[in-house]
There are 2 protein chains.
Amino acid sequence: MARAQTLSRNQQIVLDIIEKAKGPLKAYSILFNVQKKGIKAPQQIYRALDKLIGMGKIHKIESKNAFVACRSSDCEISKATAFSICESCEMVDEISDTKLSKYLSGFNHKKGMKFKRFNLEFFGICKKCKKD
Amino acid sequence: MARAQTLSRNQQIVLDIIEKAKGPLKAYSILFNVQKKGIKAPQQIYRALDKLIGMGKIHKIESKNAFVACRSSDCEISKATAFSICESCEMVDEISDTKLSKYLSGFNHKKGMKFKRFNLEFFGICKKCKKD
DNA sequence: ATAACGTCTGTTATAATATAACATATTTGA
DNA sequence: TCAAATATGTTATATTATAACAGACGTTAT
C-alpha cells in the first residue's frame, strides 16, 4: 500500500515551489530554485515530480513540459485533466468542469478501446493579453 | 500568402517517412531514417516538422514527443486534434468524431477566454494488447 | 531486536529532445 | 528584375529526461 498522505522531504520541497508559483514551472527552473535547499541533481527533481503526479498533487502540461499544482481536491482529476493555455503570456488554468469531465470520461473509442485517462489542452489568447 | 499545396524537398522527405510509418515517429528516428537522403542535422528535421504541422499534414503527440501523419482531409482538424494512445504498445490512433470535435470547439472557458485550438489525448490499453 | 522489504536519497554520467545563430541558395511575386 | 519570403546547410549549444549505482531510512513480520 502506497503512503497516500505524507510527502517525503524532497517531494514537499518541490510541491511547495510549484504551489507558490503563479504559472507552470519547468523541471530545471525548479532545480535552480531549490539548490539552496540542498537539492543538486535533476534526478531528484524528476523523481519528486513523478511521485507528485502519481498522487495527483501536480499535473504536467505536456505541450509545455511544465508542471502546475492541482487546485482541485478531487483525486480523480488526475485521470481527467483539462487546461486552458494562453499562447501569449503562457498562463495556464486548470479547467474543472463537471459536464466536460463526464462527457469525456464517458467517451469511448469506436475501435473498442476503453480509456483510463485523458488530457485536454485548450489554446487561445487570454483576456489580459487581448487588451494589450 | 503561404504556399498551401507544394512541399519543399525536405518537407516531402520527412512527410513520406511519417506517412509510411505504422506508428508515431520521433524526430531523431526520422533523422536516422533520412540520412541516406542527404539530411544531416536535427534542424532540418525540426524545420520540416514545424512547417508540416502548420499545414496540418502531421500532428505532434505531445505526451510522446512524436509525430503522426494526419489522415483526415479536413484541414481544420489541426486546430482540433484528438488521439487514442495505447499505454502498452504505444499505438496512436487519430480520433475523428464530429460530435466530439463540435462539442470541444464550442466549449468556452468560464473566464471568458476564447479558444482557437485544442489537443486531446486519451490513454488506455488497446484491444490487441488486452488479449496478450 | 533484527532481518527483509519498500521507498527515498544522493551522485555521476549520459541520452534524448530541441533551438540559436549564421551563411547561402532558391522561389515567388510585384 | 529586384526585393522579399522561404528553404537549405551547418556548427554549436540549450533544454529536457533517464540510467545506473550506492547507501540511508523507516516499517513490519518473525
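This text follows the structure it describes.
Q: Looking at this structure, how should I read the packing of aromatic side chains?
A: Aromatic ring pairs are reported here in terms of the distance separating the ring centres and the angle at which the planes meet. Per the stated rule, a full pass over the model turns up 9 aromatic pairs over all chains. Taken together, a centroid distance of 6.4 Å and an interplanar angle of 65 degrees make the contact between A:Y28 and A:Y46 edge-to-face. You can see A:Y28 sitting in helix α2 (residues 27-34) and its partner A:Y46 sitting in helix α3 (residues 42-55), a full 18 residues away along the chain. By way of ring pairs, the aromatic residues A:F107, A:F115, A:F118 and B:F122 are connected into one cluster. In this structure, A:R117 is placed above the aromatic ring of B:F123, and the distance from its NZ or CZ to the ring centre is 3.9 Å.

Q: In this structure, what is going on with the protein's contact with DNA strand C? I would like to understand it.
A: Around DNA strand C, 19 residues are found, and the nearest of them are A:Q44, A:R47, B:K26, B:Q43 and B:K60. Restricting attention to atoms of DNA strand C within 4 Å of the protein, one finds that 47% of them are sugar or phosphate atoms. A distance of 2.6 Å separates a phosphate oxygen of DNA strand C from a polar side-chain atom of B:K26. Within the side chain of B:N65, a nitrogen or oxygen atom sits 3.4 Å from a phosphate oxygen of DNA strand C. Contributing elements (two or more residues each) for the surface near DNA strand C: α1 (9-20) and α3 of chain A together with α3 (42-55) of chain B. Sort the elements by how many residues they give to the surface near DNA strand C and α3(A) lands first, with 4 residues. By residue class, the composition of the surface near DNA strand C is 3 nonpolar, 7 polar and 9 charged.

Q: Explain the nonpolar core to me, please; I cannot follow it from the model alone.
A: Burial of nonpolar side chains together is a common tendency in soluble globular proteins. If you look at the biggest cluster of nonpolar residues, it comprises 28 residues, and the most contacted ones within it are A:L120 and B:L120. Every element with two or more residues in this core is listed here: β3 (80-86), α4 (98-105) and β5 (114-125) of chain A together with β3 (80-86), α4 (98-105) and β5 (114-125) of chain B.

Q: Would you take a moment to explain the sheet that holds β3(A) for this structure?
A: Remark on secondary structure: sheet strands pair via backbone hydrogen bonds, oriented parallel or antiparallel. Read from one edge to the other, the open sheet built from 6 strands follows the order β4(A)-β3(A)-β5(A)-β5(B)-β3(B)-β4(B), with strand pairing classed as mixed. Lying at the two open borders of the sheet, with one neighbouring strand each, are β4 (92-94) of chain A together with β4 (92-94) of chain B. Averaged over all neighbouring strand pairs, the angle between strand axes comes to 20 degrees, with direction disregarded. Bridge count for β3(B) against β5(B) is 7 bridges, and the pairing is parallel. Residue pairing for β5(B): B:F83 is matched across the bridge by B:E121. Its contacts with the sheet put α4(A) on β3 and β5 of chain A together with β5 of chain B, and the angle it makes with β5(A) is roughly 135 degrees. Across the sheet, α4(B) lies against β5 of chain A together with β3 and β5 of chain B, angled at about 135 degrees from β5(B), the strand it touches most.

Calculation criteria
Residues numbered from 1 in each chain as written. Chains lettered and ligands numbered in written order. Predicted model: local features only at pLDDT ≥ 70, side-chain atom pairs only at ≥ 80, totals over all residues. Heavy atoms only, no water. Phe/Tyr/Trp six-rings, centres within 6.5 Å; stacked < 30°, edge-to-face > 60°. Helix = DSSP H or I, 4+ residues; strand = E, 2+ residues; numbered from the N terminus. Lys NZ or Arg CZ within 6 Å of the ring centre and 35° of its normal. Near = heavy atom within 4 Å. Polar contact = N/O pair within 3.5 Å; in protein donor to acceptor, adjacent residues only side chain to side chain. Nonpolar A, V, L, I, M, F, W, Y, C, P; charged D, E, K, R; others polar. Core = buried A, V, L, I, M, F, W, Y, C linked by side-chain atoms within 4.5 Å. Buried < 20%, exposed > 50% of the residue type's maximum accessible area, 1.4 Å probe, protein only. Pairing = 2+ DSSP bridges. Axes fitted to C-alpha atoms, helices over the stretch in contact; angles between N-to-C directions. Contact = heavy atoms within 4.5 Å.

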